[in-house]
Amino acid sequence: MQNESNSTMHNQDDMAKLEADVREAIAHGGDVKETVRQLTLKAMQAHRLDIESMGRIAAAVMQGAHDGAQQKLVHATEQSHAAQTQITHAVAGLETAFAQFAEASKLAVEEAAGKAQQFSREELSKTRADLESLESLFLDVVQKTSTTAKGLIADTLNDLVTHAKRNGTAIGAQLRETLDTFTQQIASVGHTQLEAGLQLTQATADLLHKITTGVLAGISEKTKQAKNK
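What you are looking at is a predicted structure, and each value in this text was computed from that prediction instead of being measured. (Residues numbered from 1 in each chain as written. Predicted model: local features only at pLDDT ≥ 70, side-chain atom pairs only at ≥ 80, totals over all residues. Heavy atoms only, no water.)

1. A few points about the nonpolar core
Step number 1: Core analysis: the largest hydrophobic core is formed by 62 residues, its most contacted members being Leu18, Met44, Phe98 and Leu134.
Step number 2: A total of 14 residues in this core trace back to one element, the largest contributor, which is helix α4 (residues 80-114). (Core = buried A, V, L, I, M, F, W, Y, C linked by side-chain atoms within 4.5 Å. Buried < 20%, exposed > 50% of the residue type's maximum accessible area, 1.4 Å probe, protein only. Helix = DSSP H or I, 4+ residues; strand = E, 2+ residues; numbered from the N terminus.)

This is the structure we're talking about:
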């Protein structure tokens, strides 16, 4: 019980730090999209990769982006354009990181298959189910942030969500390939196969680490560039 409590506190501390780091990135300007992408991927490496963790990470990123942009607006009205641009870039950075997570999951499965290894059917099925809701999770978090925001920030976030729903996201584009790969792999795994000892979440986290450190910078053209809203 004590371990669960400590783990919860650790997660809360991590999310608070992520939120603060994103807020700081907005305050300092620079390449906000790239900074947010890197911060998001690093947070993914440090936590269990399930849909609940992804939701907490996305919520922390968006709260930090909102607060950072709001501070700019408070300090000077001429900063309104900068605040609008930076929160747009923050959302794009989060989108790119989520798309790269989806592609890293696909690559992890393909890499294992190439080595004649297999993940368990149960793990593949659960991860596929999580991935199916990844794009809607991203949109829901951005939409939720817009409902707590005001004025220019709320308008900007609403515009981003509307645009994404109409035109799609980098996450959705990547998921089409990723989910196909998972479907094929699940079909090839025997119904009675036991746990293979190969951890899909760890394999994905390892690939995310390579992305973050530049070893696999922007795995593909599709995820390298989040759509400009």
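2. With respect to helix α8 (residues 170-188)
Step number 1: The end-to-end C-alpha distance of α8, which contains 19 residues, comes to 28 Å, matching closely the 27 Å that a straight helix rising 1.5 Å per residue would cover.
Step number 2: Bending of α8 peaks at approximately 25° at the position of Arg176.
Step number 3: For α8, the set of buried residues is Ala170, Ile171, Gly172, Ala173, Gln174, Leu175, Thr178, Leu179, Thr181, Phe182, Gln185 and Ile186.
Step number 4: The distance from a side-chain oxygen at the start of α8 to the backbone nitrogen of Ile171 is 3.2 Å, and the residue carrying that oxygen is Thr169. (Expected span 1.5 Å × (residues − 1). Bend = angle between axes of the 7 residues up to and from the residue. Polar contact = N/O pair within 3.5 Å; in protein donor to acceptor, adjacent residues only side chain to side chain.)

3. Quick word on the pattern of salt bridges
Step number 1: Within this structure, the stated rule accounts for 6 salt bridges.
Step number 2: In this structure, the salt-bridge partner of Lys17 is Asp21, at a minimum N-O distance of 2.9 Å. You can see Lys17 and its partner Asp21 sitting in helix α1 (residues 2-28), 4 residues apart, about one turn around the helix. (Salt bridge = Lys/Arg side-chain N within 4 Å of Asp/Glu carboxyl O.)

4. Things to note about the packing of α4 against α8
Relative orientation and spacing of two packed helices are given, respectively, by the angle between their axes and the distance between those axes.
Step number 1: Where α4 contacts α8, the two axes come as close as 9 Å, and the packing angle between them is 20°. As far as their axial angle goes, α8 and α4 are roughly parallel. Read as a crossing pair, α4 and α8 show a hand that is left-handed. Within the contact between the two elements, α4 uses Glu95, Phe98, Ala99, Ala102, Glu103, Ser105, Lys106, Val109, Glu110 and Ala113 and α8 uses Ala170, Ile171, Gln174, Leu175, Glu177, Thr178, Thr181, Phe182 and Gln185.
Step number 2: Across the contact of α4 with α8, the residue classes break down as 9 nonpolar, 5 polar and 5 charged. (Axes fitted to C-alpha atoms, helices over the stretch in contact; angles between N-to-C directions. Parallel < 35°, antiparallel > 145°, perpendicular 65-115°, else oblique. Left-handed = near helix turned anticlockwise from the far one by under 90°. Contact = heavy atoms within 4.5 Å. Nonpolar A, V, L, I, M, F, W, Y, C, P; charged D, E, K, R; others polar.)

5. Describing the packing of aromatic side chains
Step number 1: Tallying each qualifying case throughout the model produces 1 aromatic pair.
Step number 2: Their ring planes at 55° and their centres at 6.3 Å tell us that Phe98 and Phe138 sit as a pair that is tilted. Linking Phe98 in helix α4 with Phe138 in helix α6 (residues 134-148), this pair joins segments that are 40 residues apart in sequence.
Step number 3: For Phe138, a relative accessible area of 2% gives the class buried. (Phe/Tyr/Trp six-rings, centres within 6.5 Å; stacked < 30°, edge-to-face > 60°.)

6. Considering helix α9 (residues 200-212)
Step number 1: Along its 13 residues, α9 runs 18 Å from first to last C-alpha, staying within 8% of the 18 Å computed at 1.5 Å per residue.
Step number 2: Residues of α9 that are buried in the fold lie against α2 (32-46), α4, α5 (121-132) and α8.

7. Details of the side chain of Ser105
Step number 1: On the secondary structure map, Ser105 appears in helix α4.
Step number 2: For Ser105, a relative accessible area of 1% gives the class buried.
Step number 3: In contact with Ser105, not counting residues within four places along its chain, are Leu131, Phe182, Leu200 and Thr204.

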